[in-house]
Amino acid sequence: MISSSLELRKALVTGAGRGIGEAIAQALAQQGAYVICVSRTAANCERVAQTICEQGGRAEAIAVDVTDRAAVKATCEDILKRLEGVDILVNNAGILRNALMVQMSYEDWDDVIQANLTSAFLWTKGLLYAMARKRWGRMINISSVVGKIGGIGQANYAAAKAGLMGFTKSVAREVASRGICVNAIAPGFIETDMTRSIQEKWAEEFVKMIPMKRVGSVQDIAALVAFLCSDAAAYITGQVLTVDGGMTM
Ligand code: NDP
């Protein structure tokens, strides 16, 4: 199973307990990386790490709430001490709390900004300096097409995902000379627990807007992450790469 391309790399993937994050963790492990699978629920990230190990890969699980500033800081410090750095950081964890603007609660706003945007700041703050010292790194932030085009009932989510795009470009400029590439991916409609919660009639409406007339798979995103982590992508930084079957052109 292990090929040489990411064999020397250590990767941390947030939201790796399910869905897109699980597929990313799998894809990086298949390229040989040691993968730290982070999610809120221990059973989820532990299952993913165990599956990777059973398939001949290398992984560990850490259950931590990515919105908990102190916990993320302590986790980063522990990882840096134990593993001497993380080469690849994928900020993927995210949540939805959809509500029309006039009905959106302060909690809906705060929770979504914290989980989707502030979490990326916390992990980056914890790991970037060590990455810069090694003069090689990859950061990939999972944004959304909603950050580009907005979404009814998604003012909080769109703000967070658009925020991730600006965050990506700023950090990319700061660390480009250190051999670190920082990019964002904007997925369209990908089949996961998150989208399965959308009512069937709305899901059908979304699919009508996709020129390819189908939803995307988690592998569609994971394959791009694996590519961006490879040496073949060493000259790509500060970009937002859209993977949406042509939904937004
Ligand atoms: P899922 O809901 O299937 O999985 C979300 C993952 O994030 C879970 O592993 C969950 O942990 C973790 N997570 C959520 N909140 C926290 C938290 N506070 N602390 C730690 N972990 C947390 O989502 P998807 O796989 O669909 O989405 C992944 C990313 O892709 C998200 O950022 C999402 O916004 C983005 N995206 C998804 C699209 C889609 O169509 N699915 C489209 C565009 C973007 P646990 O398993 O422990 O509960």
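Things to note about the nonpolar core
As a rule of thumb, nonpolar side chains are buried together in soluble globular proteins.
Link 1 in the chain: I24, L28, V35, C37, I185 and V225 are the most contacted members of the largest nonpolar core, which has 36 residues in total.
Link 2 in the chain: Listing elements by their share of this core, those giving two or more residues are β1 (10–14), α1 (19–30), β2 (34–39), α2 (42–54), β4 (88–91), β5 (137–142) and α9 (218–229).
Link 3 in the chain: It is α9 that contributes the most residues to this core, eight residues altogether.
Link 4 in the chain: Non-local contacts of V225, meaning those with residues more than four positions away in its chain, are made with I24, L28, V90, I140, I142 and I185.

Focus on the packing of α1 against α9
Link 1 in the chain: Running from N to C, α1 and α9 cross one another at 45°; their axes reach a closest spacing of 8 Å. Classified by the angle between their axes, α1 and α9 sit oblique to one another. Where α1 crosses over α9, the handedness of that crossing is right-handed. Touching G19, I20, A23, I24, A27 and L28 of α1 are V218, I221, A222, V225, A226 and C229, all from α9.

With respect to the packing of aromatic side chains
Link 1 in the chain: For the coordinates displayed, the defined rule picks out one aromatic pair.
Link 2 in the chain: A cation over a ring is seen here: R9 above W136, with NZ or CZ 3.5 Å from the ring centre.

The rules behind these values
- Residues numbered from 1 in each chain as written.
- Predicted model: local features only at pLDDT ≥ 70, side-chain atom pairs only at ≥ 80, totals over all residues.
- Heavy atoms only, no water.
- Core = buried A, V, L, I, M, F, W, Y, C linked by side-chain atoms within 4.5 Å.
- Buried < 20%, exposed > 50% of the residue type's maximum accessible area, 1.4 Å probe, protein only.
- Helix = DSSP H or I, 4+ residues; strand = E, 2+ residues; numbered from the N terminus.
- Contact = heavy atoms within 4.5 Å.
- Axes fitted to C-alpha atoms, helices over the stretch in contact; angles between N-to-C directions.
- Parallel < 35°, antiparallel > 145°, perpendicular 65-115°, else oblique.
- Left-handed = near helix turned anticlockwise from the far one by under 90°.
- Phe/Tyr/Trp six-rings, centres within 6.5 Å; stacked < 30°, edge-to-face > 60°.
- Lys NZ or Arg CZ within 6 Å of the ring centre and 35° of its normal.

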